[in-house]
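Read off the chains here:
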Amino acid sequence: MIEVNGISFRYQKDWVLRDISFQIGKGEFVGVIGPNGSGKTTLLKILSRLLSPQQGEVLFELVPLRRMGRADIAKRIAVVAQEAYSLFPFSVAEIVLMGRSPYLGALIFESRRDLEIAERAMEWTDVLSLSERSIDELSGGERKRVFIARALAQEPEVILLDEPTANLDIHHQIEFLDLILSLNRERGLTIIMATHDINVASEFCDRLILLRRGEIHRMGVPQEVITKETIEMVYGCEVWVDHHPVSGMPRISLLRVRS
Ligand code: ADP
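Here is a short report on the structure shown in this document. (Residues numbered from 1 in each chain as written. Predicted model: local features only at pLDDT ≥ 70, side-chain atom pairs only at ≥ 80, totals over all residues. Heavy atoms only, no water.)

**Re the site of the ligand**
Then, in step 1: The ligand sits among Tyr11, Gln12, Val16, Pro35, Asn36, Gly37, Ser38, Gly39, Lys40, Thr41 and Thr42.
Then, in step 2: Side-chain polar atom of Lys40 to an oxygen atom of the ligand: 2.8 Å apart, as the coordinates give it.
Then, in step 3: Look at the ligand: alone it shows 560 Å² of surface, and the protein chains cover 57% of it.
Then, in step 4: It is helix 1 (residues 40-47) that contributes the most residues to the shell around the ligand, three residues altogether. (Near = heavy atom within 4 Å. Polar contact = N/O pair within 3.5 Å; in protein donor to acceptor, adjacent residues only side chain to side chain. Areas by Shrake-Rupley, 256 points an atom, 1.4 Å probe, with all protein chains shown as cover. Helix = DSSP H or I, 4+ residues; strand = E, 2+ residues; numbered from the N terminus.)

Structural data, given as structure tokens:
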């Protein structure tokens, strides 16, 4: 579904991504992990065409992203950015309806169908009861759900998530991740999620892309990517790797340097 062919990108002088290639199939749940500054956010921005690579190209169902119009991309790929906030105190319903804008064309007003789709998205993410509230009155977890609802209102095939669980407590983390997983498993949405949380990536993702200084260091199922040698090499700190007692997936624990 998504084919990334030899992309390299730089903001200024230094290359931030170098010769990145991979393919993602329809319905996959792929995690992008790697240390701070390794290029995760930049890669997601390229996949949504917020940025264009200086070298290589991204194909979406065999069509180069650079040949697709913005609205066309937004109908297929939705983004939930790291900082899910709004500068203006829009209501929840207004924000979710913004997800319909790629479909509105020259029309300014939403149709009954757009309103229904937005309402369903709010139901699915459990924010319907908040629909009249202003976005800036909500908790971090509620706000994240609103931005997922907006992404769903786009009726996309792919959702790109950048650090979706940062700043959420464990209850809200698991609630959010379960929602994403059900969108993936039940609705067949393709999910690409950048995360700092290696254990979350191991537990939820089918496949992982581990970035190191703008290059793919390793790519594969969590068992292939999350090994003691690989994580210690890429992150430069000592870790303990065992298996999650319930799921059996690889799990890392941090080790104190001083005992
Ligand atoms: P990650 O998401 O893995 O932390 P980023 O993609 O945010 O990594 O950043 C990769 C590199 O690109 C970093 O060195 C960062 O400083 C640099 N960078 C990110 N955004 C910009 C920007 N707008 N202008 C210049 N450099 C940037």
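Resuming the write-up.
**Quick notes on the side chain of Ser91**
Then, in step 1: As for its placement among the helices and strands, Ser91 is situated in the loop between strand 6 (77-80) and helix 3 (92-98).
Then, in step 2: In this view, Ser91 contacts Ser131, Glu132, Arg133 and Ser134; residues no more than four positions away in its chain are not counted. (Contact = heavy atoms within 4.5 Å.)

**Section: the packing of aromatic side chains**
Then, in step 1: If you walk through the whole model with that rule in mind, you get one aromatic pair.
Then, in step 2: Judged by centre distance (4.8 Å) and plane angle (85 degrees), the ring pair of Phe9 and Tyr11 falls under edge-to-face.
Then, in step 3: Its relative accessible area of 5% is what places Phe9 among the buried residues.
Then, in step 4: Residue classification places Tyr11 among the partly exposed positions, given a relative accessible area of 44%. (Phe/Tyr/Trp six-rings, centres within 6.5 Å; stacked < 30°, edge-to-face > 60°. Buried < 20%, exposed > 50% of the residue type's maximum accessible area, 1.4 Å probe, protein only.)

**Some words on helix 1**
Then, in step 1: With respect to burial, helix 1 is a largely interior element, six of its eight residues being buried.
Then, in step 2: Taken together, the buried positions of helix 1 are Lys40, Thr42, Leu43, Leu44, Ile46 and Leu47.
Then, in step 3: Just beyond helix 1, the residue with positive phi is Arg49, at close to 60 degrees.

**Let's talk about the pattern of salt bridges**
Then, in step 1: The final tally for this structure, using the stated rule, is 15 salt bridges.
Then, in step 2: Put simply, Glu28 and Arg207 hold a salt bridge, and the shortest N to O gap is 2.7 Å. With Glu28 in the loop between strand 2 (15-24) and strand 3 (29-33) and Arg207 in strand 9 (residues 207-212), this pair connects stretches of sequence that are 179 residues apart.
Then, in step 3: Glu155 serves as the salt-bridge partner of Arg113, at 3.8 Å between the closest nitrogen and oxygen. Here Arg113 is found in helix 5 (residues 112-124), whereas its partner Glu155 is found in the loop between helix 6 (140-153) and strand 7 (158-162), with 42 residues between them in sequence.
Then, in step 4: Given a relative accessible area of 34%, Glu155 falls into the partly exposed group. (Salt bridge = Lys/Arg side-chain N within 4 Å of Asp/Glu carboxyl O.)

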